[in-house]
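Residue strings, one per chain:
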Amino acid sequence: MSEPGAVLSVDRLVAGYVKGLPILNQVSLHLIERSIAVIIGPNGAGKSTLIKAIAGLVPVSDGAIRLNGRDITGIRPDRLAGLGVSYVPQSENIFRTLTVRQNLLLVLRRKRSGGRRLDELFALFPPLADKQRERAESLSGGQRQMLAIAMALAAEPAVILMDEPSAGLSPKAASEVLAFARGLTEQGVSILLVEQNVRQALAIADYCYILAEGRNQVEGAADALSSDPVVGEIYLGGKRVGAA
Amino acid sequence: MIGVVSYLVFFLTIAAILAIAVLGLNLHWGNTGLFNGGIAAFFGMGAYMTIILGGTPQAGQFGGFGLTYPMALAGGVGASGLLAWLVGVATLKLRHDYLAIATFGVAVAFESFVRNTEWLTGGAKGLRGFERPLEAAIGDPFLFNLCFLVFVLLVLAAVTYGLGRLIRSPYGRLLRAIREDEDAARSLGKNPARTRLASFIAGSMIIGTSGGLYATFYAFVSPDDVLPILTFQIWAMLIVGGAGNTKGALLGAFAIWAAWTGSGWVLARLAPVEMQLYTGTMQYILIGLVIVGMLLWRPQGLLPERLVISQSGGGAARRSAQSV
Amino acid sequence: MIQALLDGVLVGSVVSLGAIGLTMIMHLLRFANFSHAELLSIGAYAALVFDGLFAAAVPAAKAAVGPLSLTWTLFLAIIAAMALTGLSAVVIDRLVFKRIRETAGPLSMVFASFGVALIIRSALSLVFGLKPRLYTDDIVFAVTISSDPQLLVKPDQVFVFGAAVAIMLALHLVLSRTTFGYALRAVAENPSLAQVAGVRLSTVIAVTWVVGGALAGAAGVFHALDNQVSPAIGHNFVLAVFAATIVGGIGSVYGAVLGGFLVGIAFGLALAIMPPGYSPAMPFLIILGVLFIRPQGVFGEQR
């Protein structure tokens with residue numbers, strides 16, 4: 001069952017790397033079009049696993065994932081790219097042995113107007129243009145993150161899944177990345193975000209889901225939750241909702 | 001009638017000798033998950049060393065130290081262990097197929113070495129001049145063969161029993177633990193690399209024992225006894241019977257040896273004269289088909305072990321043997 | 001000594017071509033493929049068959065190209081043989097290895113690869129006979145390119161070296177300038193990220209088999225051109241190509257090329273120093289040495 005206006009729906013998802021040992025237990029969420037939903041929670045909550053399951057990288061044993069009403073549960077990751085969904089992993093999100101240019105050309109492989117798009121991306125991210133013929137491993141942490149986001153944007157996606165985009169960045173760079181994400185929604189992109197940087201994430205998000213121990217705990221509008229003490233309690237291991 | 005019985009004794013002796021080697025491979029592959037691609041080298045080391053140490057002096061031939069039989073056999077077994085140590089130390093810490101390559105390489109190198117180092121190994125002519133233990137005392141050849149068969153069966157029973165105890169012992173549990181989840185085992189203070197090395201050496205020594213007995217039986221060894229086909233035969237035996245499973249290993253040994261000698265006999269009878277040269281080739285294809293076929297159709301072997309699917313972080317589920 | 005080096009470089013070209021496919025597959029599928037070297041045998045025999053077919057179709061084309069013993073029919077046969085060998089490689093994967101890796105672990109694939117190697121070698125013996133064959137009955141004379149020290153080189157050898165280098169250059173261009181090459185390298189570095197970037201894994205795996213197989217097929221023909229066509233080619237090269245991949249670092253195409261030439265030169269030098277019977281053991285010593293000193297090889301493995 002999908003909610004109206006939801007571009008991405010996850011419905012009681014059960015998923016994990018090993019059959020019989022699920023990490024996610026009946027997790028549900030909706031991503032409304034042109035909005036940012038953020039997933040937060042303590043370590044080991046299964047946030048990354050959730051994003052990876054949507055991306056097709058973690059096996060799903062029960063439940064459904066829908067994109068604009070269409071079932072994409074267990075889809076092959078390369079097919080998802082073709083459906084307008086991009087995924088930015090938390091780490092190892094660029095190809096170190098390829099140059100910046102080659103990284104982007106790889107993603108633009110199938111696109112007819114690849115050359116034009118490449119120019120657009122370089123206009124959007126000038127530091128990448130400067131280093132375009134250098135191997136990606138020579139980039140700084142912030143530049144690598146920029147490249148990873150550029151790669152995600154290259155295919156002009158409708159939905160972007162981001163796993164801790166601010167990880168490893170300075171507070172200033174982190175807020176820049178998150179502000180950039182906010183800006184993307186104004187251009188029609190919907191973003192599902194996992195973040196550890198709770199304060200900054202809630203500042204730019206529309207909706208928030210809190211996950212712990214592989215289950216939904218609390219959800220609500222981001223600005224409402226940012227002043228709610230329950231957030232802190234869940235993080236510190238006190239309150240749990242919906243445990244078996 | 002004596003002819004048939006005589007042949008049966010001969011058949012069973014060889015099958016039992018090879019079964020000992022299969023048990024050694026079982027310790028490597030079935031229990032420890034190690035891939036030994038060069039069984040022929042450890043077999044050959046045991047065979048050659050036994051003859052060199054225990055043989056009588058022969059003109060123009062190295063060796064003939066005339067040690068007592070138990071010592072000669074022990075020397076052969078020890079030499080196999082030493083070779084295993086050398087190969088294991090280099091490869092066991094690395095990705096699993098490095099051991100496959102290295103052991104395959106050691107077998108090729110070993111064959112090349114014994115075929116060319118004439119002064120030490122007799123080259124292509126091989127080594128002879130070995131007095132089989134108690135042969136003179138027993139006198140009658142048929143009786144001797146029977147006694148030797150009993151001896152081999154006793155060794156086989158001892159190895160079977162020994163391995164059975166090993167699997168049920170704490171060491172066996174350690175092997176299984178390392179197979180299942182190496183990181184967990186390491187965090188408990190166990191040293192997986194050292195345990196695997198010990199297992200590799202032990203299994204290779206068992207294979208060396210098999211080689212020593214083989215050389216004893218024929219009182220002769222040559223480079224043609226250490227060809228790659230031997231490695232394939234032993235594997236086929238293990239794959240058919242069921243890895244990780246002693247009963248399966250024994251079944252596989254006797255079944256494959258029967259199939260090998262049987263097919264050889266049939267091909268020799270039925271193949272036209274021009275094709276007689278190719279009977280060996282056809283047998284090779286059969287063994288290859290058996291190996292590939294079993295892996296595709298029934299990789300757990302004819303006598304499957306009782307399986308316990310357990311988890312290891314992120315990797316494919318591995319199997320652990322409950323029975324022996 | 002220089003003659004030994006020259007001969008070694010020639011052997012090295014063959015080993016390099018054979019090792020490229022092996023290193024890619026070993027890295028991608030995580031298994032040591034003992035049947036890869038048999039693709040050299042398949043290539044050599046395929047060229048023999050195609051040469052015969054083309055010569056029967058267009059007898060005039062069975063004329064030697066310049067000073068080489070290579071005929072036009074054989075030249076075309078090499079290309080056909082490369083295609084056939086590449087096809088064989090991917091078919092074998094579909095029939096055997098793919099099914100095994102879906103149900104069992106990588107070591108079962110290694111097991112199976114031994115069986116496949118045995119089958120291929122024996123089948124070739126049965127079909128073509130155990131006796132070695134030659135592409136041409138013409139006797140080719142070596143050219144003395146230097147009298148002191150005496151250096152002899154056969155025109156065919158120059159062709160083989162040139163062709164091998166040309167093929168490797170072409171591969172380099174594909175890897176460094178085409179998006180498909182980027183896709184291959186991406187999968188080698190990080191298969192799941194490559195999928196996220198829109199690369200279809202099964203296609204890349206199939207292409208890797210085809211390319212690796214084609215290169216191995218070429219290697220087999222090149223070797224047979226200077227020696228003879230026999231079912232033992234695969235067995236003779238299996239350790240050498242493994243040694244090349246280990247020296248160069250599994251997963252690195254450039255490593256395989258470097259490793260191949262190093263192994264070839266070592267072979268050449270070994271033949272000059274040791275009795276020829278020992279040469280099969282030489283790659284093993286190289287392997288052991290590398291594993292003791294620097295197991296990841298020159299260019300290491302990404303993972």
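Predicted model, so just to flag it, every value in this text is computed and none were measured.

Teacher, can you tell me more about the overall build of chain C here?
The helix and strand tally for chain C stands at 11 helices and 2 strands. Starting at the N terminus and ending at the C terminus, chain C contains elements arranged as α-α-α-α-β-β-α-α-α-α-α-α-α. A compact globule built from 303 residues would reach a C-alpha radius of gyration of about 19 Å, and chain C, at 19 Å, matches this within 12%. Across chain C, the fraction of contacts at a sequence separation of at least 24, relative to all contacts at a separation of at least 6, is 76%.

Just to check I follow, could you spell out the interface of chain A and chain C for this structure?
A common way to express how large an interface is: the accessible area buried when the components associate. Across the contact, 21 residues belong to chain A and 15 residues belong to chain C. Among the elements of the structure, α2 (77-82) and α3 (100-107) of chain A are those that each provide at least two residues to the side of chain A that touches chain C. Split into classes, the residues belonging to the side of chain A that touches chain C amount to 12 nonpolar, 4 polar and 5 charged.

Just to check I follow, could you spell out the packing of α3 of chain A against helix α6 (residues 141-154) of chain A for this structure?
Relative placement of two packed helices is described by the angle separating their axes and the distance separating the axes. All names here are of chain A. One can describe the packing of α3 onto α6 by two numbers: an axis separation of 8 Å at closest approach and a directional angle of 25 degrees. Regarding the angle of α3 to α6, the classification is roughly parallel. Judged by the sense of rotation from one axis to the other, the crossing of α3 with α6 is right-handed. Between α3 and α6, the residues in contact are Val100, Asn103, Leu104 and Val107 and Leu147, Ala150, Met151 and Ala154, respectively.

Mind showing me how you'd approach the sheet that holds strand β2 (residues 24-32) of chain A here?
Strand pairing in a sheet takes place through backbone hydrogen bonds and is either antiparallel or parallel in direction. Residues and elements named next belong to chain A. Sheet architecture is open: 4 strands sit in the order β2-β1-β4-β5, paired in antiparallel fashion. Two strands close off the open sheet at either side, each with one partner strand: β2 and β5 (70-71). Pairing analysis gives 6 bridges linking strand β1 (residues 6-15) to strand β4 (residues 60-67), with the strands arranged antiparallel. In the sheet register, Val14 faces β4, and the bridge partner there is Asp62.

I keep staring at the confidence of the model for chain A and nothing clicks. Help me out?
If pLDDT is low for a region, its predicted coordinates should not be looked at in detail. Residue-level pLDDT values for chain A average 88, and 94% of them are 70 or greater. Helix α10 (residues 229-235) of chain A is the least confidently modelled element of chain A, averaging 71 in pLDDT, while strand β7 (residues 159-163) of chain A averages 95, the highest of any element.

Can you walk me through helix α7 (residues 141-168) of chain B in this structure?
For the α-helix, the turn length of 3.6 residues means that residues three or four positions removed from each other point alike. Between its first and last C-alpha, α7 of chain B extends 41 Å over 28 residues, near the 40 Å set by a 1.5 Å rise per residue. Among the residues of α7 of chain B, those classed as buried are Asn145, Phe148, Leu149, Val152, Leu156, Val159, Leu163 and Ile167 of chain B.

What exactly am I supposed to notice about the interface of chain B and chain C here?
Contacts between the two partners involve 34 residues from chain B and, on the opposite side, 37 residues from chain C. Contributions of two or more residues to the side of chain B that touches chain C are made by α3 (69-91), α4 (96-116), α11 (228-241) and α13 (279-297) of chain B. Per element, the largest residue contribution to the side of chain B that touches chain C is 14 residues, and it comes from α4 of chain B. Of the residues belonging to the side of chain B that touches chain C, the class tally is 25 nonpolar, 7 polar and 2 charged.

I'm lost on the environment of Thr73 of chain A in this one. Help?
Residues and elements named next belong to chain A. Mapped onto the fold, Thr73 is located in the loop between β5 and α2. Distance from Thr73 to Leu211, taken between C-alpha atoms, is 20 Å for residues 138 residues apart in sequence. If we ignore the near neighbours within four places in the chain, the residues touching Thr73 are Val60, Ala64 and Ile65.

Definitions and limits used
- Residues numbered from 1 in each chain as written.
- Chains lettered and ligands numbered in written order.
- Predicted model: local features only at pLDDT ≥ 70, side-chain atom pairs only at ≥ 80, totals over all residues.
- Helix = DSSP H or I, 4+ residues; strand = E, 2+ residues; numbered from the N terminus.
- Rg over C-alpha atoms; globule rule 2.2 N^0.38 Å.
- Contact = placed C-beta atoms within 7 Å.
- Nonpolar A, V, L, I, M, F, W, Y, C, P; charged D, E, K, R; others polar.
- Axes fitted to C-alpha atoms, helices over the stretch in contact; angles between N-to-C directions.
- Parallel < 35°, antiparallel > 145°, perpendicular 65-115°, else oblique.
- Left-handed = near helix turned anticlockwise from the far one by under 90°.
- Pairing = 2+ DSSP bridges.
- pLDDT = per-residue confidence, 0-100.
- Expected span 1.5 Å × (residues − 1).
- Buried ≥ 20, exposed ≤ 12 C-beta atoms within 10 Å, placed from the backbone.

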